[in-house]
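Breakdown of the fold
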Amino acid sequence: MAYSWFKAFHIVGFVVWFAGLFYLVRLFIYHVEANLEPEPARTILKNQYQIMEKRLYDIITTPGLFVTVAMAIGILSTNMELLKEPWLHYKLGFVAVLIGYHIYCAKLMKQLAADECKWTGQSLRALNEAPTLLLVVIVMLATFKNNLPTDLTAWLIFGLVIFMAVSIQLYAKIRRRNQEKLTGQLKEESGVKAF
Ligand code: HEM
């Protein structure tokens, strides 16, 4: 019974953790792109994003990490034999990368607050795909364990995930380009009218 409780809240924990990580880097994108706005909108937006990022990190994302890890320790305490499983060792490797990403997000948040962030909106969009790949791999390992499928279906699903990530990036690029064109046109038109 304890095992099921721990597992249920292990799943709740990582859903919260990932929701936080995905939204956090989206806020970073808006934060960086606020630099393109004229004053006073730029300062107002950047201050607002800074507050939202800190709250999201402290109140949602980091507690999500702690609940996930605490519940995992709970699961392991009910069956220590799990610690000998090779799939768990691989999973722990990917979770370590995920924790590294989580810590790097805190660094980015500080750089953004100090106006020292070198990342562009486009590169942050690409960075935001990293947890998607980790999510897929970790959930696959937790589900299939030592029998991770390597057949055609598995490769097709993996390809589909990569395809979706690339399509989202391309769609965002096209949409931004169209928006820039429209803004340019509107500026030109208002310039002609003023003249
Ligand atoms: C310190 C980090 C973690 C440890 C030590 C850990 C360990 C475990 C263990 C021991 C189980 C039970 C497996 C079994 O009953 O055979 C489990 C289940 C599970 N874990 Fe984790 N986990 C960690 C992080 C994560 C993360 C970050 C995710 C998601 C991205 C995740 C997804 C899952 C899922 C979906 C299950 C349920 C699998 C099933 O139904 O058997 N875990 N985890």
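Residues numbered from 1 in each chain as written. Predicted model: local features only at pLDDT ≥ 70, side-chain atom pairs only at ≥ 80, totals over all residues. Heavy atoms only, no water.

Residues given the UniProt feature "binding site: heme" (unreviewed entry) here are His10 and Lys91. These annotated residues cover 82 residues of sequence, and their C-alpha atoms all fall within 14.2 Å of one another, placing them together at a single site. What histidine 10 contacts, discounting residues up to four positions off in sequence, is Thr68, Met71, Ala72, Ile75 and Lys91. With respect to the secondary-structure elements, lysine 91 resides in helix 3 (residues 86-113). Setting aside residues up to four positions removed in sequence, lysine 91 forms contacts with His10, Ile138, Leu141 and Ala142. (UniProt positions renumbered as here; feature names shortened; annotations may be inferred. Contact = heavy atoms within 4.5 Å. Helix = DSSP H or I, 4+ residues; strand = E, 2+ residues; numbered from the N terminus.)

Tallying each qualifying case throughout the model produces six aromatic pairs. Taking the centre distance of 6.2 Å and the plane angle of 50 degrees together, the rings of tryptophan 17 and phenylalanine 18 count as tilted. Across the pair, exposure class does not vary: tryptophan 17 and phenylalanine 18 are buried alike. Pairing phenylalanine 18 with phenylalanine 22 gives two aromatic rings, centres 6.0 Å apart and planes at 45 degrees, and the pair type is tilted. Of this pair, phenylalanine 18 and phenylalanine 22 are both found in helix 1 (residues 2-33), four residues apart, which corresponds to roughly one turn of the helix. In this structure phenylalanine 18 comes out as buried when scored by relative accessible area, which is 6%. Just above the ring of tryptophan 87 sits the side chain of lysine 145; from NZ or CZ to the centre is 5.2 Å. (Phe/Tyr/Trp six-rings, centres within 6.5 Å; stacked < 30°, edge-to-face > 60°. Buried < 20%, exposed > 50% of the residue type's maximum accessible area, 1.4 Å probe, protein only. Lys NZ or Arg CZ within 6 Å of the ring centre and 35° of its normal.)

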